[in-house]
Amino acid sequence: MRLSQYFLPTLKENPTEAQIVSHRLMLRAGLVRQTSAGIYAWLPMGYRVLRKIEQIVREGQDEAGAQEVLMPTIQPAELWQQSGRYEVYGKEMLRIKDRHEREMLYGPTNEEMITDIFRTSVKTYRDVPKNLYHIQWKFRDEVRPRFGVMRGREFLMKDAYSFDLTKEGARISYQKMFLSYLRIFARMGLQAIPMQADTGPIGGDMSHEFIILAETGESGVFCHPDWIKTDPLKEPVGYNDDLNPFFEKYTSLYAATDEKHKPGAAGIPDSELLQARGIEVGHIFYFGTKYSQPLGAKVTGPNGDLITLEMGSYGIGVSRLVGAIIEACHDEAGIIWPEAVAPYKVGLLNLKANDAAATKICDEIYTMLQQAGVEVLYDDRDERAGTKFADCDLVGLPWQIIGGRGLDKGMVELKNRKSGERTEISIEDALNKVIGK
Ligand code: 5CA
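Along each chain, residue indices are assigned from 1 in the same order as the chain's sequence is written. Since the coordinates come from a predicted model, pLDDT governs what is reported: local features require at least 70, and pairs of side-chain atoms require 80 or more to be given and counted, while whole-chain, interface and lining totals use all residues. Computation of side-chain values: all heavy atoms of the structure, hydrogens and water removed.

**Thoughts on the pairing of strand β16 (residues 310–317)**
- Classification of residues uses two cut-offs on accessible area relative to the type maximum, computed with a 1.4 Å probe and protein chains only: under 20% is buried, over 50% is exposed, and between them is partly exposed. Secondary structure elements are defined from DSSP: runs of H or I of at least 4 residues count as helices, runs of E of at least 2 residues count as strands, and each element is numbered from the N terminus. β16 sits mainly inside the fold: eight of its eight residues count as buried.
- The alternating pattern of β16 places Glu310, Gly312, Tyr314 and Ile316 on one face and Met311, Ser313, Gly315 and Gly317 on the opposite face, and all of these are buried.
- Two strands are counted as paired when DSSP detects at least two bridges linking them. The sheet contact formed by strand β8 (residues 154–164) and β16 spans eight bridges and is antiparallel. Within β16, the position partnered with Asp159 by the bridge is Gly315.
- Strand direction decides the pairing type here: strand β13 (residues 274–288) and β16, joined by six bridges, are antiparallel.

In structure tokens form, the structure reads like this:
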């Protein structure tokens, strides 16, 4: 993409309404625009990141055996009246009446709807277990929407729902999601730590929050220093294996938010615990028959008796992750995208945009990168070098190829955004480096 033609409305000044760094940087880097309190429009660059995150989540869930569906955002009130949550949910639920005065709502979550779909479609034990998920916008009329997309009113969530015949089956489904979550976050370049959690309005008696560490996180956390050594991508375990040992390993290592922290409970002296701040990017729940019972989601068992299904639900804050990743990955100059979610892998800077010979060489580099399938943002604008450097650092692409004085000798600078390391190398070497990675 040529920057001269791109819709990238960056801001030079810090927007005054933004209190935290990710919100400031998302506005300054032209990723989103607020359209009402807690509601955002995603601009081209931000939308690319959102889609990348969504795709990593999708692949991670598919691999764990979950199947993707798409449920609507608008739901009928009846289902929530049946589950008993219509009143309980209170003012956080956006209630709507259609032209026939029928009560509807904009879904804050989908337990009722998926249970309804399941109960009308599945009749026998042979049809379970199943895990269905979707990636869909939610609406929660938060009292205080803040921190940009981190606590929005409209936000994109991946929510999965598992149905099992027995408690033991439900535990296996839960463990699969637990593993899938650790892998999904690790693939985004994040270390997420599962912590025991309250279940809030979703309910149930087993629940973990997945928290990533970031200095500016909303919650204080305490965790065992060995968490740093864990790497879920290296765990030699598959979804059809017995997941108990893995689950045991990852749940026995102490980690708790400050609300749940019990001094002396960590198995090591409290002074050795890592104290940090964190952001909740995912939350999983096992709640048994809380919804299947009132909604009548039952199947006939092997002996012909009716069995009420055991359920769990599993959420990931897809749009929150965009902000959370920035909280975890930035410096004074701007965003530092982990490669897996970067909107473009390479920024190509033509510092001599008014020089025909230099521009010809940069155009060729651009074409070669595109032909090699590398996502590249080409700063072909007629702007000062300082502006180009600042913009490229701000938007945070992992690699910068800087074409300036050396171009006529076939040389460019290759800069790594994260380490800040800059090396002068031949165009060929620069291409090999970014294409090879
Ligand atoms: N039905 C369950 C799981 S599918 C559920 O709704 N869980 S939740 O309430 O914990 O939300 C799941 C994830 O959505 C959270 O972990 C968080 O990352 C994200 N989330 C929740 N509220 C917001 C919000 N207001 N803005 C942005 N993301 C949010």
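**Here's the deal with the site of the ligand**
- It suffices for a single heavy atom of a residue to lie within 4 Å of a molecule or strand for the residue to be listed as near it. Not every one of the 22 residues close to the ligand is listed here, only the nearest: Thr109, Glu111, Arg140, Glu142 and Glu280.
- Gly317 places a main-chain nitrogen or oxygen 3.4 Å from an oxygen atom of the ligand.
- The protein chains shown are the only cover counted for residues, whose accessible areas, like all others here, come from Shrake-Rupley with a 1.4 Å probe. With the chains in place, 96% of the 600 Å² that the ligand exposes on its own is no longer accessible.
- Taken atom by atom, the bulk of the ligand overlaps the largest pocket.
- The leading source of residues in the shell around the ligand is β13, at five residues.
- Under the scheme applied here, ten amino acids are nonpolar (Ala, Val, Leu, Ile, Met, Phe, Trp, Tyr, Cys and Pro), four are charged (Asp, Glu, Lys and Arg), and all others, including Gly, are polar. For the shell around the ligand, the per-class residue count stands at eight nonpolar, seven polar and seven charged. We define a polar contact as two N or O atoms separated by no more than 3.5 Å, with the added condition that, inside protein, one atom must be a possible hydrogen donor and the other a possible acceptor, whereas residues neighbouring each other in sequence contribute only through side-chain atom pairs. Think of a 1 Å grid over the protein atoms and nothing else: a 1.4 Å probe that fits but is trapped marks a cavity, an open set flanked by protein within 12 Å on at least five of seven lines marks a pocket, and residues with an atom within 4 Å of a point count as lining. Molecule-in-pocket calls rest on the fraction of atoms, with more than half required to lie within 2 Å of the cavity or pocket grid points.

**Quick look at the nonpolar core**
- Grouping buried Ala, Val, Leu, Ile, Met, Phe, Trp, Tyr and Cys residues that are joined through side-chain atoms within 4.5 Å yields what is termed a nonpolar core. Core analysis: the largest hydrophobic core is formed by 81 residues, its most contacted members being Ile53, Phe185, Met188 and Trp337.
- A per-element tally of this core places helix α6 (residues 167–187) first, with nine residues.
- When residues of this core are assigned to domains, at least three fall in each of domain 1 (3–335) and domain 2 (344–435).
- By definition in these notes, contact holds between two residues if any of their heavy atoms fall within 4.5 Å. When neighbours within four sequence positions are excluded, Met188 is seen to be in contact with Ile53, Ile56, Val57, Leu321, Ile325, Pro338, Ala340 and Val341. Boundaries of every domain are those given by an automatic assignment or by a domain database.

**Re the sheet that holds strand β21 (residues 399–403)**
- Taken in spatial order, the five strands line up as β20-β19-β21-β22-β23 in an open sheet, and their pairing is mixed. Lying at the two open borders of the sheet, with one neighbouring strand each, are β20 (376–379) and β23 (422–426). Pairs of neighbouring strands in the sheet enclose a mean axial angle of 25°, with direction left out of account.
- Where strand β22 (residues 411–416) and β23 come together, five bridges link them in antiparallel fashion. Residue Leu414 lies in a different strand from β23, and its bridge partner there is Thr423.
- For every element, the axis is a line fit to its C-alpha atoms; helices are fit only across the contacting stretch, and the angle between N-to-C directions ranges from 0 to 180 degrees. Sheet strands in contact with helix α10 (residues 356–371) are β19 (346–350), β20, β21 and β22, and its direction is about 170° off that of β20.
- Sheet strands in contact with helix α11 (residues 385–395) are β19, β20, β21, β22 and β23, and its direction is about 175° off that of β19.

**Concerning the environment of Pro76**
- By secondary structure assignment, the location of Pro76 is in strand β4 (residues 74–76).
- Along the chain, Pro76 and Glu112 lie 36 residues apart, while their C-alpha atoms are 10.0 Å from each other.
- If near-sequence neighbours (up to four positions away) are discounted, Pro76 is found in contact with Glu103, Met104, Leu105 and Met113.

These values are about where atoms sit, not about what they do.
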